[in-house]
Amino acid sequence: MENVTLNVSGMSCGHCVKAIEGSVGELAGVDQVKVSLEDAQVTVSFDNEKVSLDKIKETIDDQGYEVK
């Protein structure tokens, strides 16, 4: 498992948390997703043989948030 913390802008409420945790959490190979609105960060634990970091970033971007 690989753990990565991404800086993400545009998150401001509970809906944002659910949108990101739901969409990223559904990706095959993702074990855990934790969103911190206060820190503007998303921490993801994933199997990099099943899902790429780029795919995770793309999924967050598709929800309307910007990964920095």
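Scroll up for the structure.
Residues numbered from 1 in each chain as written. Predicted model: local features only at pLDDT ≥ 70, side-chain atom pairs only at ≥ 80, totals over all residues. Heavy atoms only, no water.

### Thoughts on the sheet that holds strand β2 (residues 30-36)
The strands that make up a sheet pair up through hydrogen bonds in the backbone, lying either parallel or antiparallel. Put simply, the rule reads: For two strands to count as paired, DSSP must find a minimum of two bridges between them. Helix and strand assignments come from DSSP, with helices taken as H or I runs of at least 4 residues and strands as E runs of at least 2, each series counted from the N terminus. Should any heavy atoms of two residues lie within 4.5 Å, those residues are counted as being in contact. Helix axes are fitted to C-alpha atoms over the stretch in contact, other axes to C-alpha atoms as well, and angles between N-to-C directions run from 0 to 180 degrees.
Here we have four strands laid out as an open sheet, ordered β2-β3-β1-β4, and antiparallel in their pairing. On the outer flanks of this sheet lie β2 and β4 (66-67), each paired with one strand and no other. With two bridges joining them, strand β1 (residues 2-9) and β4 adopt antiparallel strand pairing. Across the sheet, Val 8 pairs through a bridge with Val 67, a residue of β4. In this fold helix α1 (residues 14-25) packs onto β1, β2 and β3 (41-46), with an angle of close to 165° to the strand it touches most, β2. Packing against the sheet, helix α2 (residues 53-62) makes contact with β1, β2, β3 and β4, and its axis sits at approximately 30° to β1.

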